[in-house]
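Working through the structure, step by step
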Amino acid sequence: MQDHEHPVPTTRSQYRYLFTTKHHGADPRAAQWSTDLTEEEEFSVFDRADEHELSDERQWLYGVLGDAEGGLRDLGTWYQQVAAFPVANEGRPWHGYPVWAVLSPDAPEEARGDKFRPARQVFDRMLAVGLINSRQRKRLLKGDDA
Amino acid sequence: MNKFQASDDLSSVIRFDGFEVCWAGSAPRENALCFGSEDGRLLLTNESGEGLSSPTTLSRSGEAINAVAWLPDWVSVTTRHEVNLQKLSTGKRGQATLPNGAHAVVATEAGYFVCAAGRLGLVLARPDPDLSHSPFIVGSPEENARYFYRIINLRAPAGGEVLACATRKDGIAALEFRGEQENYSLDTISSPGFDVVDVCALEPGLDSLALAALGRDGMLVFFRDVLVDKHPVTMKFKNLPGIAYRVLSCRGDIYLVTSKGLFVLGKLAERVLQGDVSRPTMTPMLTLPMEPVDANLAHDRWLLVVDSEQVRKFDVGRIHESIAAGLVQANGVQKLEALAEILSPTWEARAIPQRSNQLALVG
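Residues numbered from 1 in each chain as written. Chains lettered and ligands numbered in written order. Predicted model: local features only at pLDDT ≥ 70, side-chain atom pairs only at ≥ 80, totals over all residues. Heavy atoms only, no water.

1. Remarks on helix 2 (residues 39-51) of chain A
Residues and elements named next belong to chain A. Condition: Starting at the N terminus, helices and strands are each numbered in turn, a helix being any DSSP run of H or I of at least four residues and a strand any DSSP run of E of at least two. Expected span of a helix, by definition, is 1.5 Å for each gap between consecutive residues, and there is one gap fewer than residues. In this scheme, a residue with accessible area under 20% of its type's maximum is buried, one over 50% is exposed, and one in between is partly exposed, where area comes from a 1.4 Å probe on protein chains only.
Taking 1.5 Å as the rise per residue, helix 2 with 13 residues should run 18 Å; its terminal C-alpha atoms sit 18 Å apart, in good agreement. For helix 2, the set of buried residues is Glu42, Phe43, Ser44, Val45, Phe46, Asp47, Ala49 and Asp50. Downstream of helix 2 by a residue or two, Glu53 has a phi angle that is positive, lying close to 55 degrees.

2. Some points on helix 2 (residues 316-325) of chain B
How we decide: Pairs of N or O atoms are called polar contacts if they sit within 3.5 Å, as long as, within protein, a hydrogen donor faces a hydrogen acceptor (for residues adjacent in sequence, only side-chain-to-side-chain pairs).
Listed as buried for helix 2 of chain B are Val316(B), Gly317(B), Ile319(B), Ser322(B) and Ile323(B). Backbone nitrogen of Gly317(B) and a side-chain oxygen of the N-cap are separated by 2.9 Å at the start of helix 2 of chain B; the cap is Asp315(B).

3. So, the packing of helix 3 (residues 120-128) of chain A against helix 4 (residues 134-142) of chain A
Residues and elements named next belong to chain A. Applicable threshold: In this analysis, axes come from line fits to C-alpha atoms, helices being fitted only over the stretch in contact, and the angle between any two N-to-C directions falls in the range 0 to 180 degrees. Relative orientations are named as follows: roughly parallel for angles under 35 degrees, roughly antiparallel for angles over 145 degrees, roughly perpendicular for angles from 65 to 115 degrees, and oblique for any other angle. Definitions for this section: a left-handed crossing has its near helix turned counterclockwise from the far helix by less than a right angle. A right-handed crossing has that turn clockwise. Here, two residues are considered to be in contact whenever any of their heavy atoms come within 4.5 Å of each other. Residue polarity follows a fixed list, in which Ala, Val, Leu, Ile, Met, Phe, Trp, Tyr, Cys and Pro are nonpolar, Asp, Glu, Lys and Arg are charged, and the others, Gly among them, are polar.
Between helix 3 and helix 4, whose axes approach to 9 Å, the crossing angle comes to 165 degrees. Relative to helix 4, the element helix 3 is oriented roughly antiparallel. Here helix 3 runs over helix 4; the crossing is right-handed. Residues Arg120, Phe123, Asp124 and Leu127 of helix 3 touch helix 4, and the partners they reach there are Ser134, Arg137, Leu140 and Leu141. Classifying every residue of the contact of helix 3 with helix 4 by side-chain character gives 4 nonpolar, 1 polar and 3 charged.

4. Structural notes on the pattern of salt bridges
Quick reminder of the rule: A pairing counts as a salt bridge when a side-chain nitrogen of Lys or Arg comes within 4 Å of a carboxyl oxygen of Asp or Glu.
The final tally for this structure, using the stated rule, is 28 salt bridges over all chains. Notably, a salt bridge pairs Arg139(A) with Asp144(A), separated by 3.9 Å at the nearest N-O pair. For Arg139(A), a relative accessible area of 1% corresponds to the buried category. Taken together, the salt bridges that share partners define one network made up of Arg139(A), Lys142(A), Asp144(A), Arg150(B), Asp198(B), Arg246(B) and Asp294(B).

5. Quick look at unusual backbone geometry
Despite not being glycine, Tyr79(A) has its phi angle at roughly 65 degrees, a positive value. With respect to the helices, strands and loops of the structure, Tyr79(A) is situated in the loop between strand 3 (61-63) and strand 4 (82-85). The exposure class assigned to Tyr79(A) is buried, which follows from its relative accessible area of 11%. One non-glycine residue with positive phi stands out, namely His299(B), at about 55 degrees. With respect to the helices and strands, His299(B) occurs in the loop between strand 27 (292-298) and strand 28 (302-307).

6. Some details on the interface of chain B and chain A
Quick reminder of the rule: Throughout, buried area stands for the accessible area (probe radius 1.4 Å) lost by two parts on being put together, summed over both.
Taken together, the 46 residues of chain B in the interface contact 37 residues of chain A. Both faces considered, chain B and chain A share a buried interface measuring about 3400 Å² in area, 48% of it formed by carbon and sulfur atoms. For chain B, the biggest contributors to the area lost against chain A are Glu38(B), Arg80(B) and Arg119(B); these three give 25% of the whole. Seen at the junction of chain B and chain A, the total is 6 salt bridges. Note that Arg150(B) is salt-bridged to Asp144(A), the shortest N-O span being 3.4 Å. The tally of links from chain B across to chain A stands at 23 residue pairs in polar contact (both at pLDDT 80 or more). Listed by contribution, the elements that provide at least two residues to the side of chain B that touches chain A are strand 3 (21-26), strand 27 and strand 28 of chain B. It is strand 27 of chain B that contributes the most residues to the side of chain B that touches chain A, 3 residues altogether.

7. Thoughts on the pairing of strand 18 (residues 183-190) of chain B
All names here are of chain B. Just so we agree on the cut-off: Two strands form a pair only when DSSP identifies at least two bridges running between them.
Note that strand 17 (residues 172-177) and strand 18 share 3 bridges and pair antiparallel. Bridge pairing in strand 18 links Ile172 to Ile189. The antiparallel hairpin formed by strand 17 and strand 18 contains 5 residues in its connecting segment, where Gly179 sits at a positive phi of about 85 degrees. In terms of strand pairing, strand 18 meets strand 31 (residues 348-358) through 8 bridges, oriented antiparallel. Looking at strand 31, one finds that Ile189 is bridged to Ala349.

Purely geometric stuff here, so don't read any function into it on its own.
Printed below as a string of structure tokens:
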């Protein structure tokens, strides 16, 4: 696989989205998207994050994906259920990766800043728009499987 | 802090104004309870939920508390962001923070806190008054890395401690723990598709390596000795709804907590220990529909179930008597007979070398 863009941008903001090799197997130190997830499903997490403005104060977007049993899908290879999409530079496509449920010192991208991401307010917003329920919100806040 | 409490025959409800509970368990005073909040505070109460002191902030990052463990003069509080160690008595320096999040923490008899720290491995810290012992990580190289999600400690009948862990799709892992060493061996047992989300002692408080493990799909696996059994008893109860979160054992009963409720399987642990589960048999089951977030036993007397708004404190003695006698009087409780399918999955057992590495403290 090479880095490539999703054929259409997001519905709300017309953001372009890049599938990166770094988070699809090329860099074993980086968080990896689950191979069970299709590219359409990965893009849908981003599209919905944009649609519902699931952002923090840095304007990063965050998303989840529900499953058929009322739970959340694992988005990453290490049971991550939340994905982060760092804000892209003007005119550049966005990209994303699954966020560790608990902070690991060797996860450099997520260790930036003095707070773990996503912030509580992001989960509050996910609850408000109906992407998660209050039980799932509390479990995600704790780093638990939801 | 105002507290709201209501009760029925089996349980009472505890709720605090301005303190959003996300974890509940026991505190190391007689019958004392401990509550962790979404914003990283800890509250100790008596058995009725009346505060013994004001809530104390123990998470340096202000994150939601997901586990608490106690040593004689220390408490450890874990969150998704960090591991906090706090000395209980005043005096010398008594606070430290480890720079990794964790899912769970236990205290060992040897005086260590041991955290299940996800893909990082196990993180061990032995607090002392000067915090002179560096914490360390027990893990393995990337190709053998496991995801440490839950942890308990067991006392072996022959002496010594065993740390037993739920390591998700890598199964159950057990490690004989003799304090700080350079090398360890992790005994693992797994089965394709079995996603282990919790483990519990089948004989809590006794010198026993009997253990129950819970799959995310509700599958239950029982070991009479987690270091020896390579073909554990495996079963799945039909019509048991929800995503499985916790398994707990008390007085011979099994408590199973899923996203859809609390399910009490009468005398199931007792039957497993007696070797009486080789064929499908009906098990008395109490069903309490609710939406639990987490649950823990406290003092062998109560089960504390946290949901999105409150804590329900169940009297495990009354539940045990009720399920045995067929008498249940509580709102919303259903008593059923549940049939378990006995399964024979393929198990793979491995011994995986682990190395220890130092971990720096923060602050």
